[in-house]
Amino acid sequence: MPKISNKGKQMPESPIRKLVPYSEIAKKKGHKVYHLNIGQPDIKTPEVAMNAVKNIDLTILEYSHSAGNESYRKKLSAYYTNQGIPVNIEDIIITTGGSEALMFAMGSTMDQGDEIIIPEPFYANYNGFSTASGITVVPVISTIETGFALPAVEDFEKLITAKTKAILICNPGNPTGYLYSKEEIMQLAALVKKHDLFLISDEVYREFTYDGDIHYSVMNVPGLEEHAIMIDSVSKRYSMCGARIGCIVSKNKEVMATAMKFAQARLSPPTIEQIASEAALDTPKSYFDEVISEYRERRDTLINELNKIEGVVVSKPKGAFYCIAQLPIDNADNFAQWLLESYDLNGETVMVAPAAGFYSTPGMGLNQVRIAYVLKKEDLISAVSILKAAIPVYNATQSK
């Protein structure tokens with residue numbers, strides 16, 4: 001029988017999706033499952049985007065330009081400029097989601113066996129993208145005690161070798177919700193300039209900041225033009241996860257010319273979704289005001305409820321819509337599966353994402369879970385009350 005590739009064997013499972021079969025079984029039992037495991041907002045997609053799809057007048061679904069529709073890139077350039085991020089149309093390539101943008105960034109800047117330093121815990125698919133690209137992830141650990149703040153620059157420098165090509169951050173962070181300050185971004189900027197590295201910044205949650213904190217982009221750092229690569233997406237900003245439209249942005253002309261070759265190899269990004277994404281740029285400010293207010297209230301509700309559970313440690317996220325909670329349990333993977341397989345409270349249970357899958361350091365995050373506060377406040381309260389009741393029951397089963 002033909003054999004599967006070693007690369008295929010090494011591809012990690014998604015900690016977010018691997019429990020889906022168990023949730024399906026729970027639902028077949030008639031249980032209601034509160035999905036805290038995945039960042040799928042329940043916020044409505046802007047009407048301007050949906051109407052653009054409904055009103056499409058095309059007779060042929062043609063390829064777009066490999067870099068994406070020119071009209072979309074022009075409008076996107078204007079959007080970024082209005083956000084205080086001055087980029088030109090030639091600095092942007094439209095991609096099939098932020099995922100493809102990350103693959104293009106890695107493929108354009110790193111070779112087989114090269115290393116990329118990433119503060120962990122980090123978005124689990126960074127592991128998958130790196131494995132697919134033949135790149136080695138070198139983690140630098142941030143801790144729940146600091147709220148997952150940027151590790152000390154000295155911690156990064158200890159890890160830099162001749163094979164190190166880039167540092168990758170997510171700002172605001174998935175899965176931690178941490179928002180890097182301007183000072184932290186400037187520290188990283190100085191570091192990559194000193195060691196001649198790329199700084200890749202996944203900024204798909206840029207709009208989701210709370211309590212007056214300001215997002216500072218790597219594209220705003222003077223003198224970092226040749227080092228900075230920004231990754232973006234419409235998925236979260238406009239609650240358009242299914243559109244699969246993102247972009248890679250850089251003022252480094254060699255990076256963009258190389259990324260263009262990858263873009264040409266996959267032909268073009270989706271046509272209809274680009275039309276929707278271009279229209280989404282006309283979303284009124286009032287939409288974001290309401291969404292940010294709603295997420296802030298959800299965050300506060302979730303953190304308040306989690307803090308009522310004895311033994312839980314959780315830091316208050318500054319952005320995005322996730323948090324990492326440390327639970328008084330032995331193993332979050334076992335606990336998450338047990339919740340779906342063996343536990344319900346009045347016919348209801350909860351699905352969480354075990355946090356170990358967001359680390360690449362073995363043994364880290366074993367008693368932590370990532371929670372996405374993408375449900376309405378009443379559902380968050382119900383979900384946490386189930387967790388509170390479930391933890392002592394689970395621990396009792398483990399002590400037998």
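This one's a predicted model, so the numbers in the text were calculated from it and none came from an experiment. (Residues numbered from 1 in each chain as written. Predicted model: local features only at pLDDT ≥ 70, side-chain atom pairs only at ≥ 80, totals over all residues. Heavy atoms only, no water.)

1. Describing the packing of aromatic side chains
Taken as a whole, this structure holds 17 aromatic pairs when the rule is applied. Measuring from ring centre to ring centre gives 5.5 Å for Y205 and Y322, while their planes differ by 85 degrees; the resulting arrangement is edge-to-face. Of this pair, Y205 sits in the loop between strand 6 (198-202) and strand 7 (228-233) while Y322 sits in strand 10 (residues 322-326), and the two are 117 residues apart along the sequence. Side by side, Y205 and Y322 carry an identical accessibility label, which is buried. Put simply, the rings of Y205, F208, Y295, F321 and Y322 touch in pairs and so form one group of aromatic residues. (Phe/Tyr/Trp six-rings, centres within 6.5 Å; stacked < 30°, edge-to-face > 60°. Helix = DSSP H or I, 4+ residues; strand = E, 2+ residues; numbered from the N terminus. Buried < 20%, exposed > 50% of the residue type's maximum accessible area, 1.4 Å probe, protein only.)

2. Things to note about the side chain of S130
Position of S130 relative to the elements: it lies in helix 6 (residues 125-133). The residues touching S130, leaving out its near neighbours within four places in the chain, are M106, I116, I135 and V137. (Contact = heavy atoms within 4.5 Å.)

3. Digging into the packing of helix 11 (residues 285-306) against helix 13 (residues 377-398)
The description of two helices packed together rests on the angle between their axes and the distance between the axes. Running from amino to carboxyl end, helix 11 crosses helix 13 at an angle of 20 degrees, the nearest separation of the two axes being 9 Å. It follows from the interaxial angle that helix 11 and helix 13 lie roughly parallel. By crossing handedness, the relation of helix 11 to helix 13 is classed as right-handed. Contacts between helix 11 and helix 13 pair E294, E297, R298, T301, L302, E305 and L306 from the former with K377, L380, I381 and V384 from the latter. Each residue belonging to the contact of helix 11 with helix 13 can be placed in one class, and the counts come to five nonpolar, one polar and five charged. (Axes fitted to C-alpha atoms, helices over the stretch in contact; angles between N-to-C directions. Parallel < 35°, antiparallel > 145°, perpendicular 65-115°, else oblique. Left-handed = near helix turned anticlockwise from the far one by under 90°. Nonpolar A, V, L, I, M, F, W, Y, C, P; charged D, E, K, R; others polar.)

4. Overview of the sheet that holds strand 9 (residues 313-314)
What the four strands build is an open sheet, ordered 9-10-13-12; its pairing is antiparallel. Among the strands making up the open sheet, the edge pair consists of strand 9 and strand 12 (353-354). Sheet topology places strand 10 next to strand 13 (residues 368-372); five bridges connect them, and they run antiparallel. Its bridge partner lying in strand 13, A325 is registered against V369. Contacts from helix 11 reach strand 9, strand 10 and strand 13, with the element oriented near 5 degrees to strand 10. (Pairing = 2+ DSSP bridges.)

5. Re the UniProt feature "domain: Aminotransferase class I/classII large" (unreviewed entry) in the protein chain
Per the UniProt entry, the sites bearing "domain: Aminotransferase class I/classII large" (unreviewed entry) are residues 33-344 in this numbering. The straight-line gap between the two end C-alpha atoms of residues 33-344 is 9 Å; of that span, 38% is helix and 15% is strand. (UniProt positions renumbered as here; feature names shortened; annotations may be inferred.)

6. Considering the pattern of salt bridges
In this structure the tally under the stated criterion is 21 salt bridges. Salt bridges sharing partners connect three or more residues here, namely D42, E294, E297, R298 and K377. (Salt bridge = Lys/Arg side-chain N within 4 Å of Asp/Glu carboxyl O.)

7. Let's talk about the sheet that holds strand 4 (residues 136-141)
Within a beta sheet, neighbouring strands are joined by backbone hydrogen bonds and run either parallel or antiparallel to one another. Pairing within the open sheet is mixed, and its seven strands lie in the order 2-8-7-6-5-3-4. Only two strands of the sheet have a single neighbouring strand rather than two, namely strand 2 (92-95) and strand 4. On average, adjacent strands in this sheet sit at an angle of 25 degrees to one another, irrespective of strand direction. For strand 5 (residues 164-170) and strand 6, the ladder comprises five bridges, and the chain directions are parallel. Bridge pairing links C170 to D202 in strand 6. Against the sheet, helix 4 (residues 70-82) engages strand 2, strand 7 and strand 8 (246-249), with an angle of about 115 degrees to strand 2. Those strands touched by helix 5 (residues 97-109) are strand 2, strand 3 (115-120), strand 5, strand 6, strand 7 and strand 8, and its axis lies near 160 degrees from that of strand 7.

8. Let's talk about the packing of helix 5 against helix 6
Between helix 5 and helix 6, whose axes approach to 10 Å, the crossing angle comes to 40 degrees. For the element pair helix 5 / helix 6, the angle class is oblique. Helix 6 is crossed by helix 5, and the crossing has right-handed handedness. Contacts between helix 5 and helix 6 involve S99, L102, M103 and M106 from the first element and Y126, F129, S130, A132 and S133 from the second. The residue inventory of the contact of helix 5 with helix 6, partitioned by class, reads six nonpolar, three polar and no charged.

9. Comments concerning the environment of P86
With respect to the helices and strands, P86 occurs in the loop between helix 4 and strand 2. Counting along the chain gives 133 residues from P86 to M219, while the straight-line C-alpha distance between them is 7.9 Å. Once you skip the residues sitting within four places of it in the chain, P86 turns out to touch Y80, T81, N220 and K251.

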